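Each chain, letter by letter, is given below.
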Amino acid sequence: GSSASTGGDRLSYGVLLSRPCRIDGLASRQPEQVETQASTAPPGSRAATDMPTQLVFAYEARRVKAPAPSPPSVDAAMKIAAEKLGIPKDSYDLYDRYGKIEVAEDLQRAMHMAGTGDCIIEVREHDYYVRIRAREDHNKLQDERLDRLEAHLADTQNRYDQMLDNARSEAKALVTKLEKRVDNEIKPVIDALIRDKNRLQKDVRNIEEIVGQLDLQEMKQIAAETFKLRDEVKDAVRKVNDMQRSWHTDKAKLTEICMQSQQDLHELQRYLQGKIDVCIEADADLRREQQLCSERMQIVADDLRLLTDEHTRLMRQCTGALEESEELRTLLGQVREDNEHLRHDHGMVKTRVHCIEGTATEVWEGFMPGVLYFNRWHPSAKGDDVQFDPTHQIATGRGFLAATGLVVGNFEGLAVADGPCRRFGTPGSNVSYYELEVEEVKTVPEGMGGLWVGVSLQSAEEVARHPCKEFDGWLVGGASKALVCRAGTHPDLPVDPEKIPETFAPGASDGSALGNVHEAIGLLRKALPPRLKGEMREFGSMWNSQVLKRGDRIGVLWRCNRDIGARMRVSVNGVIVLTQEFADAPTSECVGFFTPVVRLAGSGKAVRMLPGLSPPSRMLAD
């Protein structure tokens with residue numbers, strides 16, 4: 001069995017490697033012999049080895065892969081090569097490393113010798129197709145060169161026409177100048193010569209008349225004078241010729257000077273154009289610098305005014321301190337005595353307050369003892385442009401965006417109180433109230449509005465810790481607008497559902513009523529779910545704060561409803577000017593205390609905090 005397989009292998013290789021015979025009988029028998037031997041060969045023989053599935057056509061510097069035709073066919077391979085390479089089918093022949101591929105047996109031989117790798121077949125184009133393609137490329141290059149020459153010729157013709165027109169214009173200008181010079185310089189000389197000639201002719205006639213009266217001696221004298229006159233005439237003609245030659249020389253020099261002047265004029269024009277461009281850019285830069293300087297001068301002027309006021313106040317305080325220094329020495333002894341009494345009274349008052357707070361906790365469910373209400377503005381929960389006086393009672397805004405009335409997308413002009421508002425009423429039906437006084441206003445265009453007033457769910461410390469000074473709150477003011485603010489959560493600081501907000505028990509001395517607080521926090525999370533990004537939403541209102549004047553007192557009352565939403569009421573100098581409903585605000589059972597918030601914008605520049613005031617009865621009326 002092994003010997004038979006070995007002989008079959010040798011016979012199949014001999015048939016595959018041999019070139020096809022041109023004898024019809026032998027050529028017809030060889031395929032049958034190959035098929036018979038391949039079918040009878042055992043599975044382990046080399047004839048059963050897999051042939052390559054990829055043909056690689058090598059044409060010039062290109063190599064293109066294509067699937068091998070099944071069954072192997074020269075026509076199919078040439079058709080595939082023509083499609084892949086983009087050349088005519090009958091313009092080339094296929095070769096392998098053993099010679100030209102003419103029939104299917106040659107293709108089988110090449111595929112078999114390639115083994116399991118890619119079968120590389122060389123595509124050789126016919127000589128006449130190569131020459132035709134080279135001629136086409138040469139014709140294409142000649143056409144492109146002819147097009148460039150025609151374009152260059154047309155451009156040259158246009159330049160020659162332009163130069164001819166310029167030469168004609170210059171010639172006309174020179175002729176006109178020459179005519180003017182002839183009229184102004186040469187013609188008067190010729191007229192003078194004509195006059196001299198006429199005078200000479202007149203003299204000759206006079207001489208002819210006198211000849212009869214004169215003798216020969218006089219005639220000789222006249223002849224001598226005639227020769228002299230002839231010499232003068234020749235001298236005059238010579239001068240005219242010299243003048244004409246000088247005129248031609250001056251003409252050439254003048255033409256050269258005109259050409260040089262024209263070139264200098266073009267260079268001067270380009271130089272001036274560059275200088276003008278530089279001046280335009282410099283002017284724009286100067287305008288920007290001037291605007292920046294004006295804004296900085298405004299800031300410096302405001303700082304100077306504040307420093308002047310502070311200096312005046314310090315001078316008054318120093319003067320008073322010097323005058324009261326003697327009285328203070330006397331009062332110091334009294335203060336020491338009073339301090340001892342106050343220490344004793346403080347212990348008694350602290351005991352009584354603890355008793356009162358315990359009684360209030362029993363009577364009012366959810367009462368939080370130890371609450372410290374607002375007394376001034378918080379030093380850090382503010383906009384970068386806001387400045388406070390030494391007592392932190394007056395807040396002054398200096399932001400450029402806020403000065404234009406724009407408060408959405410920034411925190412300029414922001415001022416937050418250092419504690420919550422006082423609450424008035426009963427549990428479930430209480431209100432928060434605070435008052436402000438306008439200290440300074442400025443003139444702005446109509447429509448920019450004024451300051452904003454409102455409340456915040458967060459405390460001043462929570463607002464100060466937020467990277468963007470964001471908070472959950474509701475404000476009114478500006479140009480008849482209402483503003484709903486939502487705070488975003490920091491990606492690195494997730495919301496802790498167990499954390500109690502500071503406005504629920506600010507300054508609480510113990511953990512009483514924590515069960516109700518946790519229940520309220522759950523309701524608050526449902527009403528105001530946490531957000532990844534902060535939001536400020538404006539809508540229409542009825543109060544335009546731009547009309548406020550210095551000294552006006554603003555009262556702000558905030559009431560959360562039992563069922564849905566909340567109501568804000570604003571009064572100016574005791575007169576109610578706005579009652580605004582906020583439908584998306586939480587109800588009274590899921591909130592604690594509220595913190596006063598002010599945005600200094602538009603015409604509102606400075607406000608004063610008025611702590612410890614109660615709401616009037618007209619503000620509490622429904």
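Notes on the structure in this doc start here. For clarity, every value in this text was computed on a predicted model and none was experimentally measured.

1. Some thoughts on the overall build of the protein
In terms of regular secondary structure, the protein is built from ten helices and 20 strands. When the 622 residues of the protein are sorted by exposure, 30% land in the buried category. Long-range contacts, defined as pairs at least 24 residues apart, comprise 71% of the intrachain contacts of the protein with a sequence gap of at least 6. By element, 56% of the accessible surface of the protein is carried by carbon and sulfur atoms, the whole surface being about 39400 Å².

2. Re the sheet that holds strand S13 (residues 473-477)
Backbone hydrogen bonds are what pair the strands of a sheet, in a parallel or an antiparallel way. Spatial strand order, S6-S9-S19-S12-S13-S14-S15: seven strands in an open sheet with antiparallel pairing. The sheet terminates laterally at strand S6 (377-382) and strand S15 (535-544), the two strands that pair on one side only. Between one strand axis and the next, the sheet turns through 25° on average, direction left out of account. Here strand S12 (residues 452-456) pairs with S13 via five bridges, running antiparallel. Residue pairing for S13: Trp 452 is matched across the bridge by Gly 477.

3. So, the nonpolar core
Of all hydrophobic cores here, the largest spans 41 residues; its most connected members are Trp 377, Val 453, Trp 474, Val 476, Trp 543, Trp 558 and Phe 582. Among residues more than four places away in sequence, those in contact with Trp 543 are Val 453, Val 476, Gly 477, Gly 478, Ser 480, Lys 481, Leu 548, Ile 554, Val 570, Val 572, Val 577 and Leu 578. Residues Phe 57, Val 64, Ala 77 and Ala 81 belong to the second largest nonpolar core, which totals 22 residues.

4. Section: the packing of aromatic side chains
Inspection of every chain in the model, using the stated rule, returns seven aromatic pairs. Seen in terms of ring centroids, Tyr 373 and Phe 593 are 6.1 Å apart; in terms of plane orientation they differ by 65°. Their pairing is edge-to-face. Here the residue Tyr 373 occupies a position in the loop between helix H6 (216-363) and S6, and Phe 593 occupies one in the loop between strand S18 (575-582) and strand S19 (595-599), the gap between them amounting to 220 residues. The exposure class assigned to Tyr 373 is partly exposed, which follows from its relative accessible area of 29%. With a relative accessible area of 4%, Phe 593 lands in the buried category.

5. Observations regarding unusual backbone geometry
In this structure, the amide linkage connecting Ser 70 to the following residue, Pro 71, adopts the cis form with an omega of 0°. Mapped onto the elements of the fold, Pro 71 is located in the loop between strand S2 (62-67) and helix H3 (74-85). Unusually for a residue other than glycine, His 392 sits at a positive phi of about 60°. When you line up the elements, His 392 lands in the loop between strand S7 (387-388) and strand S8 (394-396). Positive phi values are uncommon outside glycine, yet Ser 480 reaches one of about 60°.

6. Examining the sheet that holds S2
Taken together, the five strands give an open sheet; going across it, the order is S2-S1-S5-S3-S4, and neighbouring strands pair in mixed fashion. Edge strands, defined here as strands with exactly one partner in the open sheet, are S2 and strand S4 (99-101). Ignoring strand direction, the axes of neighbouring strands in this sheet form an average angle of 35°. Bridge count for strand S1 (residues 54-59) against strand S5 (residues 119-125) is four bridges, and the pairing is parallel. Considered in S5, the bridge of Leu 55 is made with Cys 119. The strands touched by H3 within the sheet are S1, S2, strand S3 (92-96), S4 and S5, with S2 carrying the most contacts at an inclination of about 130°. Where helix H4 (residues 104-114) meets the sheet, its contacts fall on S1, S3, S4 and S5, and the angle it forms with S4 comes to roughly 120°.

7. Some details on H4
Those residues of H4 that sit buried are Asp 106, Leu 107, Arg 109, Ala 110, Met 111 and His 112. Just past H4, the residue Gly 115 takes up positive phi, approximately 70°.

8. With respect to the pattern of salt bridges
Tallied over the entire structure, the rule returns 30 salt bridges. The salt bridge partner of Lys 100 is Asp 93, with a shortest N-O separation of 3.5 Å. Arg 109 is paired through a salt bridge with Asp 96; the nearest N and O atoms lie 3.1 Å apart. Of this pair, Arg 109 sits in helix H4 while Asp 96 sits in strand S3; the two residues are 13 residues apart in sequence, bridging distant segments of the chain. Neither Arg 109 nor Asp 96 differs from the other in exposure class; each is buried.

9. Comments concerning a negative patch on the surface
A surface patch of like charges, here negative, comprises Asp 143, Glu 144, Asp 147 and Glu 150. Among the structural elements, Asp 147 can be located in helix H5 (residues 127-211). Take Asp 147: its relative accessible area is 47%, and that puts it in the partly exposed class.

10. Some remarks on the pairing of S3
S3 sits mainly inside the fold: five of its five residues count as buried. The alternating pattern of S3 places Tyr 92, Leu 94 and Asp 96 on one face and Asp 93 and Tyr 95 on the opposite face, and all of these are buried. Pairing of S3 with S5 involves four bridges; the strand directions are antiparallel. Directly across from Asp 93, in S5, lies its bridge partner Arg 124. Two elements, S3 and S4, share three bridges in a ladder whose sense is antiparallel. Of the residues in S4, the one forming a bridge with Asp 96 is Gly 99. Connecting the antiparallel pair S3 and S4 is a turn made up of two residues.

11. Overview of the environment of Thr 396
Inspection of the secondary structure puts Thr 396 in strand S8. Sequence spacing of Thr 396 and Lys 605 is 209 residues, and the spatial spacing of their C-alpha atoms is 5.6 Å. If sequence neighbours within four positions are ignored, Thr 396 has contacts with Asp 385, Val 386, Gln 387, Leu 600, Lys 605 and Ala 606.

What counts as what
- Position numbers for residues count from 1 along each chain, tracking the sequence in the order it is written.
- Totals for whole chains, interfaces and linings use every residue, but because this is a predicted model, local features are given only for residues with pLDDT of at least 70 and side-chain atom pairs only at 80 or more, for both listing and counting.
- With hydrogens and water excluded, all non-hydrogen atoms of the structure serve as input to the side-chain values.
- Numbering of helices and strands runs from the N terminus, with a helix taken as a DSSP run of H or I at least four residues long and a strand as a DSSP run of E at least two residues long.
- Each residue is assigned to one of three classes by its accessible area relative to the maximum for its type, calculated with a 1.4 Å probe on protein chains only: buried under 20%, partly exposed between the two thresholds, exposed over 50%.
- Between two residues, a contact is recorded if the distance between any of their heavy atoms is within 4.5 Å.
- Computed by Shrake-Rupley with a 1.4 Å probe, the accessible areas treat only the displayed protein chains as cover when residues are assessed.
- Pairing between strands is defined by DSSP: at least two bridges between the two strands are required.
- Simply put, an axis is a line fit to the C-alpha atoms, just over the touching stretch for a helix, and the angle between two N-to-C directions goes from 0 to 180 degrees.
- Nonpolar cores are built from buried Ala, Val, Leu, Ile, Met, Phe, Trp, Tyr and Cys residues. Side-chain atoms within 4.5 Å join them into one set.
- Each Phe, Tyr or Trp ring, with Trp reduced to its six-membered ring, pairs with another whose centre is within 6.5 Å; inter-plane angles below 30 degrees give stacked pairs, above 60 give edge-to-face pairs, and intermediate values give tilted ones.
- When a carboxyl oxygen of Asp or Glu lies within 4 Å of a side-chain nitrogen of Lys or Arg, that pair is called a salt bridge.
- Excluding any residue in a salt bridge, patches collect residues exceeding 30% relative accessible area, merging like charges within 9 Å and nonpolar Val, Leu, Ile, Met, Phe, Trp and Tyr side chains within 5 Å.
- In this charge count, Lys and Arg are treated as positive and Asp and Glu as negative; neither His nor the chain ends contribute.
- Note that the charge is assigned to NZ on lysines, CZ on arginines, CG on aspartates and CD on glutamates.

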